[in-house]
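Overview (structure and organization)
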Amino acid sequence: MVPRTGVTVDICPRDVPIALIGTAGGALALWADAPSQIAVPVALLIVLDIRVRRWRRRT
């Protein structure tokens with residue numbers, strides 16, 4: 001997927017240790033009895049800091 005002109009997408013890891021988040025995500029998936037197709041994208045959303053910004057050119 002390619003962002004439109006005027007949209008900036010920043011993706012960077014959070015400042016939390018990835019091992020801690022992975023353990024918590026795995027425990028949550030086991031506790032909620034969730035399949036891996038749901039648990040993995042949710043864990044990525046928790047681990048990554050995603051920012052979407054719109055900007056316009058001044059004329």
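Use the structure listed above.
What this report covers is the structure whose coordinates are included nearby. (Residues numbered from 1 in each chain as written. Predicted model: local features only at pLDDT ≥ 70, side-chain atom pairs only at ≥ 80, totals over all residues. Heavy atoms only, no water.)

**Looking at the overall build of the chain**
If you tally the helices and strands in the chain, you get 2 helices and 2 strands. Put simply, the chain has 59 residues, and 8% of those count as buried. Counted over contacts in the chain with a minimum sequence separation of 6, partners at least 24 positions apart contribute 94%. (Helix = DSSP H or I, 4+ residues; strand = E, 2+ residues; numbered from the N terminus. Buried < 20%, exposed > 50% of the residue type's maximum accessible area, 1.4 Å probe, protein only. Contact = heavy atoms within 4.5 Å.)

**Notes on the pattern of salt bridges**
Evaluated as defined, the whole model comprises 2 salt bridges. Residues Arg53 and Asp10 are paired through a salt bridge, measuring 2.4 Å at the closest nitrogen-oxygen approach. With Arg53 in strand E2 (residues 48-54) and Asp10 in strand E1 (residues 7-13), the pair connects residues that are 43 residues apart, well separated along the chain. Residue classification places Arg53 among the partly exposed positions, given a relative accessible area of 46%. (Salt bridge = Lys/Arg side-chain N within 4 Å of Asp/Glu carboxyl O.)

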